[in-house]
Amino acid sequence: MSQTERVYKIELLIRNRGQVSFQQLLDELEVSPATLKRDLAYLRDRLGAPIEYERESNGYRFGAGWRGEKHELPGLWFSERELYALLMAHQLLGELDSDGVISRHLQPLRERVMQMLGSGPAGEVEAQTLLRRVRIISPAKRPVPSQHFELIGEALSQRRRVHMRYLTRGRNAVSEREVSPQRLVHHRNTWYLDAWCHGREKLLRFALDAVQSAQALEAPSKDMPLEAVEAEMDAGYGIYAGGRRRWATLLFDAQAAAWVSKEQWHAEQKARWLDNGRYELSVPYVDETEIVMDILRHGEQVQVTAPPALARAVKDRLLAAAQRYAE
C-alpha cells in the first residue's frame, strides 16, 4: 500500500468512527509504528487534516475546529501511479503552452501533487528529478501570444464573438474579421481556431499565431452543433479543411514501410501490405499542400499512384528541388 493510499485510509477511518486508537490503525494498515507516526504527521502538517491525539485513549480524532463538517483531502482519490501520471500531463501541457497560459492556472494542482508524492523535501526532489527525465521535443513550434490565446479561449467558453485583425500569409494580406469561435485545435506544435466567419458566412480555420489583435464582443456567437463542425473541418488532411474530398494512394518501399505502417496519417486511412514487402496507404485530402510535404519527407521511398494531379505536384516539387542542386 502506497503512502497516498494509507493517508486516505487513515482519514476515512477517523471520519467514519469518530476516534481510532493507535493500535487499530496499526492493525488496519499493517505498517510499523514509525511508519504510522510519519503518516499521521504528514496528514496533519502537510495536508492540513485537523487530527488531534487524545492521551487517555491513545487514539486520534478530528479536533474541535472540525465541528462535524465533512473533511476532504483533495486529490487523495488518486493512487501514487496516477499522481505521477498527472505530473506527466502537466509537463506535456507546459510544452504545448509556451507562454504558460494553461500551466499557470494548473500550477496549484501541480504543487499539491508534488506534496502528496513525498512525505518531505526528499519526496519532492524525487518528483522533480522524474520530470527532468521526461523531455518533449517540439520542432518548428509557432508560439501563440498568451493574450490572444486567453481571450479567444474565454470567448469560446462564454459563447461570445471575437473581432480580430488576421494575417493571411499566402496573400500577405491583413483583414478585419468578426468570428464565432467553435473549437480550438492543436496541430503540429501550434494552435488553430475553427470559427464561423460572419464576413465570409462559412466555417474557416485560423492560425492563432497569425492573429495580430483580438477583442471580445458582447454579441453572442453563432451556435453550431459540434458534429457539424467536425464533419466540415475534419474531412481533409492535416490542418486543411473544406473543399472537394479526394483520396491519395501512396506506395512505400519496404524500408519506409517499417515506420509508416505504425503511423496514423488520418483517422479514416486505409492500408494493406503487398506481397513484395511494400506498403500501400490511402488517405483522404481536400488540399494537397500538407500531404505533399509529408510525402516529400520520404524521398525516393514512396510513389504516388493516385490521383494523377497529386503525383504531378510531388514530381514538380522534386524536380524543382533537384534543379537547385544541379546548378
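Scope of this entry: the structure provided in the associated data block.

Conventions used here
Residues numbered from 1 in each chain as written. Predicted model: local features only at pLDDT ≥ 70, side-chain atom pairs only at ≥ 80, totals over all residues. Heavy atoms only, no water. Helix = DSSP H or I, 4+ residues; strand = E, 2+ residues; numbered from the N terminus. Buried < 20%, exposed > 50% of the residue type's maximum accessible area, 1.4 Å probe, protein only. Contact = heavy atoms within 4.5 Å. Areas by Shrake-Rupley, 256 points an atom, 1.4 Å probe, with all protein chains shown as cover. Salt bridge = Lys/Arg side-chain N within 4 Å of Asp/Glu carboxyl O. Core = buried A, V, L, I, M, F, W, Y, C linked by side-chain atoms within 4.5 Å. Pairing = 2+ DSSP bridges. Axes fitted to C-alpha atoms, helices over the stretch in contact; angles between N-to-C directions. 1 Å grid on protein atoms, 1.4 Å probe; cavity = no way out; pocket = protein on both sides within 12 Å on 5 of 7 lines; lining within 4 Å. Points joined across faces, edges and corners; volume = space filled by probe spheres on them. Arc of directions from axis to C-beta. Phe/Tyr/Trp six-rings, centres within 6.5 Å; stacked < 30°, edge-to-face > 60°. Lys NZ or Arg CZ within 6 Å of the ring centre and 35° of its normal.

### Points about the overall build of the protein chain
At step 1: In terms of regular secondary structure, the protein chain is built from eleven helices and twelve strands.
At step 2: Counting only residues that meet the buried cut, the protein chain has 39% of its 327 residues in that class.
At step 3: For the protein chain, restricting intrachain contacts to residue pairs at least 6 apart in sequence, the fraction spanning at least 24 positions comes to 61%.
At step 4: As displayed, the protein chain offers around 18900 Å² of accessible surface, 50% of which is attributable to carbon and sulfur atoms.

### Let's talk about the pattern of salt bridges
At step 1: According to the stated counting rule, one finds 20 salt bridges in the structure shown.
At step 2: Put simply, Arg-6 and Asp-39 hold a salt bridge, and the shortest N to O gap is 2.5 Å. Placement of the pair is Arg-6 in helix α1 (residues 3-17) and Asp-39 in helix α3 (residues 33-46), with a sequence separation of 33 residues. Taken as a pair, Arg-6 and Asp-39 share a single burial class, namely buried.
At step 3: A salt bridge links Arg-205 to Asp-194; the shortest N-O distance between them is 2.6 Å. Residue Arg-205 is found in strand β7 (residues 202-207), and its partner Asp-194 is found in strand β6 (residues 190-197); the two are separated by eleven residues along the sequence. Exposure class is identical for Arg-205 and Asp-194. Each is buried.
At step 4: One salt-bridge network, held together by shared partners, links Arg-188, Glu-263, Glu-290, Asp-294 and Arg-297.

### Remarks on the nonpolar core
At step 1: Judged by nonpolar contacts, the single largest core of 22 residues is most densely connected at Met-164, Tyr-166, Val-179, Leu-193, Phe-206 and Leu-208.
At step 2: Elements supplying a minimum of two residues to this core: α7 (146-158), β4 (160-168), β5 (173-187), β6 and β7.
At step 3: Here the element with the most residues in this core is β6; it accounts for five residues.
At step 4: Those residues in contact with Val-179, other than ones at most four positions away along the chain, are Arg-161, Val-162, Met-164, Leu-193, Ala-195, Trp-196, Cys-197, His-198 and Phe-206.

### Here we look at helix α10 (residues 288-296)
At step 1: Listed as buried for α10 are Glu-290, Ile-291, Val-292, Asp-294 and Ile-295.
At step 2: Those residues of α10 hidden inside the fold are in contact with β5, β9 (246-252), β11 (279-285), β12 (302-306) and α11 (308-326).

### Section: the pairing of β9
At step 1: Most of β9 sits out of view: five of its seven residues are buried.
At step 2: Relative to β11, β9 runs antiparallel, the two being bridged by seven bridges. Paired with Leu-250 across the two strands is Leu-281, which belongs to β11.
At step 3: Pairing of β9 with β12 involves four bridges; the strand directions are antiparallel. Within β12, the residue paired with Phe-252 across the bridge is Val-302.

### Observations regarding the sheet that holds β7
At step 1: Strand order across the open sheet formed by five strands is β7-β6-β5-β4-β8, with antiparallel pairing between neighbours. This sheet does not close on itself; its edge strands, each paired only once, are β7 and β8 (211-220). Recorded for the sheet is a direction-independent mean angle of 45° between the axes of neighbouring strands.
At step 2: Strand direction decides the pairing type here: β4 and β5, joined by seven bridges, are antiparallel. In the sheet register, Tyr-166 faces β5, and the bridge partner there is Ser-175.

### Quick notes on the layout of surface pockets
At step 1: Of the voids in this model, the largest pocket is the one considered here, and its volume is about 1400 Å³.
At step 2: Every residue lining the largest pocket is counted, 47 residues in all, and those nearest its centre are Tyr-192, Arg-205, Ile-239, Tyr-240 and Glu-290.
At step 3: Where the lining of the largest pocket is concerned, the elements lending two or more residues are β4, β5, β6, β7, α8 (226-233) and α10.
At step 4: Element by element, the count of residues in the lining of the largest pocket is highest for β7, at six residues.

### As for the sheet that holds strand β1 (residues 19-21)
At step 1: Spatially, the three strands line up as an open sheet ordered β1-β3-β2, and their pairing is antiparallel. Here the strands that pair on one side only, and so sit at the sheet edges, are β1 and β2 (51-54). The average undirected angle you get between the axes of adjacent strands in this sheet is 30°.
At step 2: Pairing of β1 with strand β3 (residues 59-62) involves three bridges; the strand directions are antiparallel. The residue of β3 that forms the bridge with Val-20 is Tyr-60.

### Regarding helix α2 (residues 22-29)
Since the α-helix packs 3.6 residues into each turn, any two residues three or four apart lie on the same face.
At step 1: All buried positions along α2 are accounted for by Phe-22, Leu-25, Leu-26 and Leu-29. Along the axis of α2, the buried residues cluster in a sector spanning 100°; they form a single face.
At step 2: Of the residues trailing α2, Glu-30 is marked for its positive phi of about 55°.

### So, the packing of aromatic side chains
At step 1: For the structure shown, the criterion picks out seven aromatic pairs.
At step 2: Arranged with centres 6.3 Å apart and planes meeting at 40°, the rings of Phe-22 and Tyr-60 form a pair that is tilted. Of this pair, Phe-22 sits in helix α2 while Tyr-60 is found in strand β3, placing the two residues 38 residues apart along the sequence.
At step 3: Three or more aromatic residues joined by ring pairs form one cluster here, namely Phe-22, Tyr-53 and Tyr-60.
At step 4: When the ring centre of Trp-196 is taken as reference, the NZ or CZ atom of Lys-222 above it lies at 4.8 Å.
At step 5: In this structure, Lys-270 packs its charged tip against the face of Trp-247, placed 4.7 Å from the ring centre.

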